Amino acid sequence: MRARSGATARAAAAMAVAAALACAASFTPRSVIENLRVLALVASPLELWPGHSSVTLSARTVLASGLPAAAGDVQEQWSFCPFSVGASVGYACASTLPACDYRFPPGAAPAGFDALAQAQACLAALGASGGLPPTVPPDLSAVARLDLVFRYAVTDGATAREAVQIVPLYRTAPAVPNLPPAIQQVRICGAAVAANDFGPAVDSGCTLSSAADLEVEVILTPDSAQPYADASGAHVEAPVVSFYTTAGRFDYDRASGPDAKVKLEYKEISRGGDAWLYAVARDLRGGETVAGPYRITVAGP
Amino acid sequence: MPTTRLAAALIAGAALLAAAPSSGVARAEEPARAPPAEPVLAAPPVLKKLVPAEVPPGTVFPAPEVTVVLELDLSAAGAVEAVRLVQGAGEPFDAAAMAAARRLEFEPGRLAGGEPVPVTITFRLTITAPPPAPPPPPPPVRLSGRLLERGTRTPLPAVPVAAQAGGETLARATSGDDGRFVLEVPAASFRLVAVAPGHARLDLPVEARPGEERDETYYLDAEPSEYTAVVEGERVRREITRQVIPAEEVAQVAGTQGDTVKAVLNMPGVARPPFIGGQLVLRGSSPGDSAVFVEGVQVPLIYHFGGLRSTFAPRFLEALEFVPGNFAPDYGRLTGGIVQVKVRDPKTDMLRGEADLNLFDAGVAVEGPLSKRWSAGAAFRRSWIDAILPAVLPKDSALSFSSAPRFYDYQFLATWKPDDRDKARFLFFGSQDKLVALFNRPAGDPTITGTLQDKMAFHELQGAWSHVFSPALRHDGSLSLGLQGFDVSVGPDLFFNLQSRRIDGRSTWSWQALPWLEARGGIDFQYAWYDIRLNVPRQPQEGTPGTPVSTQPRVATSQTGSLVSPAAFVELRFAPAEGLDLLPSLRADYASAIGRWSFDPRFLARWRVRPGTVLKAAAGLYQQPPDPGESARDIGTPGLLPQRSVQLSAGVEQELREGVRLEVTGFHKELSRQVVQNPAADLNPGAAAYLNEGRGRIYGAELLLRARFGERIFGWLAYTYQRSFRTDHPGAAERRFDYDQPHILTAVATWKASARWSFGGRFRLVSGNPYTPVTGAVYYAPTDVWVPLRGAVNTDRLETFYALDLRADRTWIFDRWRLSAYLDVQNVTNHGNQEGWQYKFDYSDRTKLTGLPILPILGLKGEW
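Residues numbered from 1 in each chain as written. Chains lettered and ligands numbered in written order. Predicted model: local features only at pLDDT ≥ 70, side-chain atom pairs only at ≥ 80, totals over all residues. Heavy atoms only, no water.

**Side note on the overall build of chain A**
Helix and strand counts for chain A come out as two helices and 19 strands. Computed over C-alpha atoms, the radius of gyration of chain A comes to 21 Å, within 12% of the 19 Å expected from 2.2 N^0.38 for 301 residues, which places it in the range of a compact globule. Taking the principal axes of the C-alpha coordinates as reference, chain A spans close to 65 × 55 × 35 Å. Considering only intrachain contacts with a sequence separation of at least 6, the fraction spanning at least 24 residues in chain A is 66%. When the accessible area of chain A is evaluated, it comes to approximately 12,200 Å², of which 55% is carbon and sulfur surface. Distance between charge centroids for chain A: 7 Å, based on 21 positive and 26 negative side chains. (Helix = DSSP H or I, 4+ residues; strand = E, 2+ residues; numbered from the N terminus. Rg over C-alpha atoms; globule rule 2.2 N^0.38 Å. Contact = heavy atoms within 4.5 Å. Areas by Shrake-Rupley, 256 points an atom, 1.4 Å probe, with all protein chains shown as cover. Lys, Arg positive; Asp, Glu negative; His and termini not counted. Charge placed at Lys NZ, Arg CZ, Asp CG, Glu CD.)

Encoded structure:
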């Protein structure tokens, strides 16, 4: 048996190593908020199945200032696609029929949206329009898992962003429903701060200066790492926490849970004042939990 | 007349000359006195004949002259009648003198009237000691010698050797096969002169003792010659384009660091691989459509770690045979081209070896005769990147190695030649690449975290036998057992593990039925048992731009099974006219993975129009079963068809002048039944994962100008114009192939300035690879990655690549070994060649990703 697939896997591994070793270009890291950013698309529930197919989504969008976007700050557009062609084409819909590329009213987020019903409406519309494209399964009941795509487009006039969230639709209820990771505690410069899911900014009381790095720590509850099974067998989630800031540089953009810890360094500071910190915990299966904004004071250069 | 004896007082002298030890010469001297007597003697006797006195050999003379006084009675006729001793000198002088005196002859003494009368005289006979005997000639010097090439100890046969002195040749000889000669020189001081072609003249003074027997070894310095003897004995060409790259010739090509297999990348028809890839892209075909064989056994990996070094060390390489397309029916299951690594037999003259150290690795090799019929060799090489990488890796790197990248490879071989008709060879070789690293933090894609393990190994044991039944019939066969293992994993959830055991067998019969008709046929058998476990993203195929790992659908399976791929082939060679060869052939393959037979007819024609000019053309069908991952149950589509390639080539070979040869070949390939992914399979469980819907077309022309001027200068200029396109699905737009490089120019030159210095250079100018532009990005919230939005596939092109590599070699030659050092500087102009783009996390900005900067590589090699 020739191992072309193996060779490809090796090449991918080699590329990952090379990327890790390569000199990084001087781009602004992903953890630094410079303009409009979508930090998370929070879905509830995280998984659907027949009889349990309504879902609500909300976006966690941050303005260039670093503060959460409020209604009126941005223009938002949500859409739903039950049959997407996948990542290679940016999660484009297999069909442009309105029932298949379903658009929510501008500014309105999916709330209690019956995704299964819309998928079936899409199938019906496709059938009525002359046939199903090959990418669309004719019978949903034959599909063990269908990744439903919710797309979120937002702009503040200067920057436009698009984001997608995948909500799996199972043929039957999963043995252990997926839940988002739970943040037990956030600690900034060694002190615990109050939980904050995109509410008003919480003052951490910490100052970032050249004298010392500022440690940011997110502690997840132990049961945030849920067991699950897929085609390759049983697994346990490995939650990851992404960190964001409007000033300074983190030593790493992300850290693995359950005790995710990074250092905010006094780098690339052009002026002093307030800065905002966020953290987003992910189970990498669609579950997201946001902490922030937290205010810190940045010493002037 | 009375016989009155007159007394004459006569004293005569005689000398005994010492020239001959047994003889003397008597010499008469003047009479001393005449006694008074009557009648009166008017004329005394006069010595007429002197007879030398003979003393025994070895007689010791008390003085240089010995005198004996005798009294002689002379007759009237002058004869000596009586001799009496008057004053002796002792024996043996007295006896010798008396004996000589008896034979003296005189003119008789005469009276006044003239009458002769008897006379008695006193005679002084002087015996002179003979001169000392000349010394005997000195015994000759026996000089046994051996002529060897300095540094390699290679015997130099058939070399004229002479001993000379004063412009005169005293002795001559010619060295035998073992370089030995014997001279018998009748002088102790002389000059030894030997003149061997391609070597410096040997001219040494020799000072020996007379009769001395010497046994010496003489080392002659090899010198690159302005000329080289070329024996044209080309075997039948079964391919329209087959470049044979002698290992010795390319060992010093710049940019290869002495790695012979890398020289293939300088041949026409070969696309330049990216700097981190070791793909073999021949005539616009995908890397997986071409293969490398070591003595007929396909190896899964040609280069360690994506192109650093080849997995078969160059020590035992004889040559590389490179066929970019239209290859012979011996090979199949491929639609691209092949590279055949030819292994030489171990040396039989003496124990030899080498030790090699360079930036990447260190290795040793030994070889030599075991007996008259057996010879064996072994080589081992290990990288030492793992020793230096931790030292240069930044402390805050996202990656830390628990087992830094390391590789090793080995080769053992033994050859048995019982007679001129049989040869058996056993070859055991293998390679392993391994690294274990820890991603300290979630990387750009957070699913890439934890321990990264990459281990790839293969081991092959081959037995080969060839037998010549008669000048017209021969058989070549081989059987190989192989183990292969791939183990790649990232964390606990991403893994690809494949273990396989293989049996490869080949048997080829050649029969020269008639002078104008030759038939060849054989079988090519493969069996593989495999055990595979994987959970990986479905790998994007060629022409499919990548997306973050966490966004790709995964395939998972765990299965064991076996694959059987028997094949048979037959080829005829008609030579209906002088210089014209027509080779029709047919190959039949069965692939158990898809349960299908395929039949590939092929045809080749070569016509030597006139000396130095050959016209050639070929056409053939080439079919290749899908990759096992594409046709395997659970993860692939078992009912796929073999992929097809119809290959056409035509060209001319022209010898422009002695040592300069030009080859121009045009080619066209039509691809069909190419396996492509079915995007519907990710959503529709009833859809096939793969389809035979892909098509392609490839065309171009290759030019190769090779030049060799003696042993001092050689090089080549290779230029390829080629275009390669694909259509992934019916109705889809045709697109460029990932490695569509229209212009590929490579110039290579090496100058051996002397036996100690050589210099080389390589210049490459290659079109940039196509790439797919990014038009935007979508944020993928589940895993916090950005997914690029792409434009039309491969519509943009990277910058043109160019690089100049230079190399200098210095060799120190000692009598019994050689030390070589080389400095191979890649990209001496430090040109930042673009290999791709590096994007900002949200794809809103980008910068060029450049390849290797100027990179000096120093190597040392000792050979004995």
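**Considering the side chain of B:Thr120**
Tracing the backbone through its elements, the reader meets B:Thr120 in strand 9 (residues 119-128). Of note is the side chain of B:Thr120, whose polar atom sits 2.7 Å from the side chain of B:Asp73. (Polar contact = N/O pair within 3.5 Å; in protein donor to acceptor, adjacent residues only side chain to side chain.)

**A few points about helix 2 (residues 115-128) of chain A**
One full turn of an α-helix is made of 3.6 residues, so residues set three or four places apart face in the same direction. Residues and elements named next belong to chain A. With 14 residues, helix 2 should cover 20 Å at 1.5 Å per step; its first-to-last C-alpha distance of 20 Å lies within 8% of that length. Of the positions making up helix 2, those classed as buried are Ala115, Leu116, Gln118, Ala119, Cys122, Leu123 and Leu126. Each buried residue of helix 2 lies within a common arc of 165° when the element is viewed along its axis, so the set occupies one face. Contacts from the buried residues of helix 2 go to strand 3 (75-81), strand 4 (102-103), strand 5 (113-114), strand 6 (145-155) and strand 7 (160-170). Capping of helix 2 at its N-terminal end is provided by Asp114; its side-chain oxygen lies 3.3 Å from the backbone amide nitrogen of Leu116. (Expected span 1.5 Å × (residues − 1). Buried < 20%, exposed > 50% of the residue type's maximum accessible area, 1.4 Å probe, protein only. Arc of directions from axis to C-beta.)

**Quick notes on the pairing of strand 48 (residues 801-813) of chain B**
Residues and elements named next belong to chain B. With 10 bridges connecting them, strand 43 (residues 757-766) and strand 48 associate as antiparallel partners. Bridge assignment links Ser758 to a residue of strand 48, and that residue is Asp809. In this sheet, strand 49 (residues 818-826) lies alongside strand 48 in antiparallel orientation, the contact comprising eight bridges. Bridge pairing links Thr811 to Ser820 in strand 49. Linking strand 48 back to strand 49 in an antiparallel pair, the connection comprises four residues. (Pairing = 2+ DSSP bridges.)

**Let's talk about the sheet that holds strand 1 (residues 37-44) of chain A**
Within a sheet, neighbouring strands are paired by backbone hydrogen bonds and run either parallel or antiparallel to one another. Strand order across the open sheet formed by three strands is 1-2-5 (chain A), with antiparallel pairing between neighbours. Unpaired on one side and paired on the other, strand 1 and strand 5 of chain A mark the two borders of the sheet.

**Quick word on the side chain of B:Lys616**
Structurally, B:Lys616 is set in strand 36 (residues 613-624). Judged by its relative accessible area of 4%, B:Lys616 falls in the buried class.

**Considerations on the sheet that holds strand 11 (residues 214-220) of chain A**
Residue and element names in this part refer to chain A. Pairing in this open sheet of five strands is antiparallel, and the strands run 9-8-11-17-15 from one edge to the other. Edge positions in the sheet fall to strand 9 (191-193) and strand 15 (249-250), since each has one partner strand and no second. Across two bridges, strand 15 lies against strand 17 (residues 259-265) in antiparallel orientation. Bridge assignment links Phe250 to a residue of strand 17, and that residue is Leu264.

**Regarding the domain arrangement of chain A**
All names here are of chain A. When cut into domains, chain A gives domain 1 (37-170) and domain 2 (183-298). Contact with domain 1, which involves 15 residues of that partner, is made by 15 residues of domain 2. Taking both partners together, domain 1 and domain 2 bury about 1,200 Å²; carbon and sulfur atoms supply 60% of that area. Among the residues domain 1 hides against domain 2, the three largest losses belong to Leu39, Arg60 and Pro68. Together they make up 40% of the total. Inspection of the domain 1/domain 2 interface yields two salt bridges. Applying the counting rule to domain 1 against domain 2 returns six residue pairs in polar contact (both at pLDDT 80 or more). Residue assignment for the side of domain 1 that touches domain 2 shows that the elements contributing at least two residues are strand 1 and strand 2 (54-62). Counting residues per element, the side of domain 1 that touches domain 2 draws most heavily on strand 1, at five residues. Considered class by class, the residues forming the side of domain 1 that touches domain 2 number eight nonpolar, four polar and three charged. (Domains from an automatic or database assignment. Buried area = accessible area lost by both parts, 1.4 Å probe. Salt bridge = Lys/Arg side-chain N within 4 Å of Asp/Glu carboxyl O. Nonpolar A, V, L, I, M, F, W, Y, C, P; charged D, E, K, R; others polar.)

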